[in-house]
Amino acid sequence: MRRETQAAWLGLGAAGLVAAIGIGVTQTVVAAKTGSVCNTPTTLFCDSLVKPPPEWKGKLFKLSQDYPSTLPKETLPWSGIDPAWEPDKYAFAVLDYFYEGSIRQEAEQSFQTDLNTVRKWYHAPWLDAGANGREPLQGLTRERSSRKGELGPEQKQLWNNWAVGFYNAPGGIALGKIWADHGKPNVSASAMPEGTAAAKLLFTTANETEVPFLKGSPVWRAYVYEDVHLDRHSIDDKRAILPLRLLQIDFAVKDLKHSPTTGWVFGTFVYGGGKVGSQSGWRNVAPVGLMWGNDPNYSGSGELREMRINPYVTLVHYGYQRRLNGPVDNPKSSCMSCHGTAELPQSALLPADGATPEEIARFFVNVPSGKPFTPGAASADYSLQVSMGIMAFNEAQVAKQQPVDKRTQFLKHLEERDEIPARDGGNFQ
Ligand code: HEC
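Residues numbered from 1 in each chain as written. Predicted model: local features only at pLDDT ≥ 70, side-chain atom pairs only at ≥ 80, totals over all residues. Heavy atoms only, no water.

The protein has the name Cytochrome c domain-containing protein in an unreviewed UniProt entry, where Rhizobium leguminosarum bv. viciae is given as its organism.

In structure tokens form, the structure reads like this:
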């Protein structure tokens, strides 16, 4: 494994690895991109560990990490809307809140947190490590790939997908508490306050020929793996600056008033409603649905009660037994099934292949807010960005403490594991 590869696995820049191996006395970490020190107990978190290509003269991703300590005074626009009765209205209230101050004329200038004068949004740290870590232009992490046919009948090949997530100020407060000590994250601070909103933009490398409903979709360039048809990628794979199109928008809001058991309402939008139309731009998205529970005892037929699915949207697949999921998501899961597993140590996100009906059912319980999925684990309150970030941090510490031969073995193991993005399953042993 190359030295830079090892460094990226540790969530460190190349110089950081030299230090970590023990050549230097300090554990200085240098981000590949800027040359500035980051991801150490006494510095900022890194933006990205991937060096942009020399020809790139445009802007680079900046991790919004100036986490707040006090709640802003604002009325949350969805607080008076019942998701069961007015799911569309609820979903659009969250979307409008996420969009306000974020949309600019230039698609690539949109969602730059430093340009938003209405409200601040924050990014979760430590999602930079490894083969699926943040790329340097927009901070995108690699998601599950869309297999042939999953996005529509004309889709003939597999295409890679990439995404970036944001938290509003209440969520930012929690991130700030969890990561108050940059050298020692505190998972017991991960209860997200009421009013937390997280949103995620998912972009695809798929083109309009194979996925016609992407017509008019905002385009971001990003420095991603060049072979967009390969499902498994290792960190040394060749990258290129490619155009990606907006495909899906996910959100999760902490709303104990409307979701007293799980504490959360999850929802998702698909570009163009999954149909070719004449509209374009950021607003041309339609809600796929909302959920506030997993319908634990659902038999597989009849009505799902703890979610609403929009009948006017066209999707090739949903989640398990037609529970809510987005077009990019794994059909064996659902938003809240996967996110309900957010805990430390992080257990598998999905039922294993060949799981028995009992094992599958375990993934569709309603995990109460603040309770772990696995007895004895620590809850990360449905935030997989929190659990994944802390997991990456912990693995870097383990790797650093090992003698060189053992470390190489450990990093090789992580490398093989991460060829499958987290969202696609994989187990975290
Ligand atoms: C099989 C697993 C899986 C499924 C299904 C899934 N997600 Fe996630 N999601 C993840 C992982 C892993 C992350 C964190 C890593 C990242 O952001 O790349 C994440 C991150 C997010 C985030 C950012 C904040 C956070 O909680 O971590 C939001 C919001 C989100 N997902 C919403 C949704 C919604 C809405 C759905 C359903 C439409 C969904 N997710 C389905 C795995 C999943």
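The structure having been displayed, the exposition proceeds.
A word on the site of the ligand
Every one of the 26 residues lining the ligand counts as a neighbour, but Lys200, Cys335, Cys338, His339 and Gln385 are closest to it. In the environment of the ligand, a nitrogen atom lies 2.8 Å from a nitrogen or oxygen atom belonging to the side chain of His339. Contact distances for the ligand include 3.2 Å between an oxygen atom and a backbone N or O atom of Leu384. Listing elements by their share of the shell around the ligand, those giving two or more residues are β3 (197-204), β5 (239-254), β6 (264-271), α5 (335-339) and α7 (384-401). Of the residues that constitute the shell around the ligand, the class distribution is eleven nonpolar, ten polar and five charged. (Near = heavy atom within 4 Å. Polar contact = N/O pair within 3.5 Å; in protein donor to acceptor, adjacent residues only side chain to side chain. Helix = DSSP H or I, 4+ residues; strand = E, 2+ residues; numbered from the N terminus. Nonpolar A, V, L, I, M, F, W, Y, C, P; charged D, E, K, R; others polar.)

Quick word on the coordination of the iron atom of the ligand
Exactly one protein atom donates to the iron atom of the ligand; that atom is His339 (NE2), 2.1 Å from the metal. Note that His339 resides in helix α5. (Donors = N, O, S within 2.8 Å, 3.2 Å for Na, K, Ca; no water.)

Observations concerning the state of the cysteines
Scanning the entire structure with this criterion turns up one disulfide. Each disulfide pairs two cysteine sulfurs, and for Cys38 the partner residue is Cys46, the sulfurs being separated by 2.2 Å. Taking the torsion about the sulfur-sulfur bond, which here is approximately 90°, the covalent link between Cys38 and Cys46 counts as right-handed. Cys46 sits in the buried class, given a relative accessible area of 3%. (Disulfide = S-S within 2.5 Å. Buried < 20%, exposed > 50% of the residue type's maximum accessible area, 1.4 Å probe, protein only.)

Regarding the pairing of β6
Judged by how many residues are buried, β6 sits mostly within the fold: eight of eight residues are covered. Neither face of β6 is left uncovered, since the one carrying Trp264, Phe266, Thr268 and Val270 and the one carrying Val265, Gly267, Phe269 and Tyr271 both have all their residues buried. Both β5 and β6 contribute to a ladder of seven bridges, which runs antiparallel. Residue pairing in the sheet places Phe251 in a bridge with Gly267 of β6. Pairing geometry for β6 and strand β7 (residues 285-291), over six bridges, is antiparallel. Bridging from a neighbouring strand, Phe269 pairs with Pro287 of β7. (Pairing = 2+ DSSP bridges.)

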